[in-house]
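Residue strings, one per chain:
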Amino acid sequence: MVNCGGLTLEGTSVSTLETCVAVRELNLCFDIGKGPRYAVGMDNVLLTHAHQDHAVGLALHIATRKLLDVAPPVIYLPAVILDDVQNLIHAWERLERRRTKYTLVPVKAGERYDMRKGLFFRSFPTEHSIPSMGFQVFEERRKLRPEYIGLDGPAIVELKKRGVEITDAVEIPLVTFVGDSTITPVDRFPEILKSQVVILECTFLAPEDRPMAKKKRHTHVADIIERADRLAGCEHLVLSHFSTRYTREDVKRELAAALPETLKSKTQILF
Ligand SMILES: [Zn+2]
Ligand SMILES: [Zn+2]
């Protein structure tokens, strides 16, 4: 469990083994891993890509929610993998001789998707070994337009009655989940760093593993350090998805030694 101000990250992200990170306050999880118990209550799944350790639990998540008689989940996924994922779910339905209920939403980069009133996300392309995308989740608040500030209650009611739009929408970036990727999206889409919480993968740590990070399209801690100035502007930075070649102690020690002070104070680790 990682606490980031008003948001709590529950879950796990370990390269090769499993990635599923639930944000209970937002009723969503990033990736579904093996369909863990803590994710069952999440109505929305934002799937970054189809590597099995991130996606294999999808059919189980759908089926479990049906058995428990909770609302069918909404699964947002890269548009390019829609058909294959649909076929997988259909195969499980045939194998288990039952129908399930769910909504698959094919996501295109850059477009807005509303999960509920006042909560939406946009996605951005990431760079991994298979098709992939990351997500930035926003809260939308209504703010009184400057020209109406100071008006009393009855005057505001009167304007509303006349159908005058007295508020503007304000987007508050809450959380960014990059998922498996090289560091490229951080360079291409600087706005993703404006979220209250930024979750980056950091699969590789050792200097000799840098070619491997490049080859497998993952992030190396050196990529993060090279961008420390910009990342230091984040309120909460969460590093995750470490390779199983490092123990937890290795990760803590390496990060403590490698990260500059400006980053260390705002960085948390999600195993
Ligand atoms: Zn992964
Ligand atoms: Zn992957």
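Before reading on, note that the structure itself is shown above.
Residues numbered from 1 in each chain as written. Chains lettered and ligands numbered in written order. Predicted model: local features only at pLDDT ≥ 70, side-chain atom pairs only at ≥ 80, totals over all residues. Heavy atoms only, no water.

If you walk through the whole model with that rule in mind, you get 18 salt bridges. Here Arg122 ties to Glu171 by a salt bridge, and the two come within 2.8 Å at their closest N and O atoms. Of this pair, Arg122 sits in strand 9 (residues 119–125) while Glu171 sits in strand 11 (residues 167–177), and the two are 49 residues apart along the sequence. For Arg122, a relative accessible area of 24% gives the class partly exposed. (Salt bridge = Lys/Arg side-chain N within 4 Å of Asp/Glu carboxyl O. Helix = DSSP H or I, 4+ residues; strand = E, 2+ residues; numbered from the N terminus. Buried < 20%, exposed > 50% of the residue type's maximum accessible area, 1.4 Å probe, protein only.)

Before going further, it helps to spend a moment on the coordination of the zinc ion (ligand 2). Within the protein, the atoms that donate to the zinc ion (ligand 2) are His49 (NE2), His51 (ND1), His128 (NE2) and Asp180 (OD), at distances of 2.2 to 2.3 Å. Considering all four donor atoms around the zinc ion (ligand 2), angles at the metal cover 93 to 164° and the coordination shape is irregular. Sequence spacing of the donor residues for the zinc ion (ligand 2), all on one chain, is H-x1-H-x76-H-x51-D. A separation of 3.5 Å is found between the zinc ion (ligand 2) and the zinc ion (ligand 1), which share Asp180 as a coordinating residue. Within this pair, whereas His49 is found in the loop between strand 5 (44–46) and helix 1 (52–55), its partner His128 is found in the loop between strand 9 and strand 10 (133–144), the two being separated by 79 residues in sequence. You can call His49 buried: its relative accessible area is 0%. (Donors = N, O, S within 2.8 Å, 3.2 Å for Na, K, Ca; no water. Tetrahedral: all angles 85-135°; square planar, octahedral: opposite > 155°, others 65-115°.)

By size, the foremost hydrophobic cluster in this structure holds 29 residues, and its most contacted members are Leu200 and Leu239. Looking at this core, the elements that each hand over two or more residues are strand 12 (197–201), helix 7 (221–226), helix 8 (228–231), strand 13 (236–240) and helix 9 (248–258). The residues touching Leu200, leaving out its near neighbours within four places in the chain, are Val178, Ile183, Val186, Ile224, Leu231, Leu237, Val238, Leu239 and Ser240. In this structure, Cys4, Leu26, Leu28 and Leu174 belong to the second largest nonpolar core, which totals 27 residues. (Core = buried A, V, L, I, M, F, W, Y, C linked by side-chain atoms within 4.5 Å. Contact = heavy atoms within 4.5 Å.)

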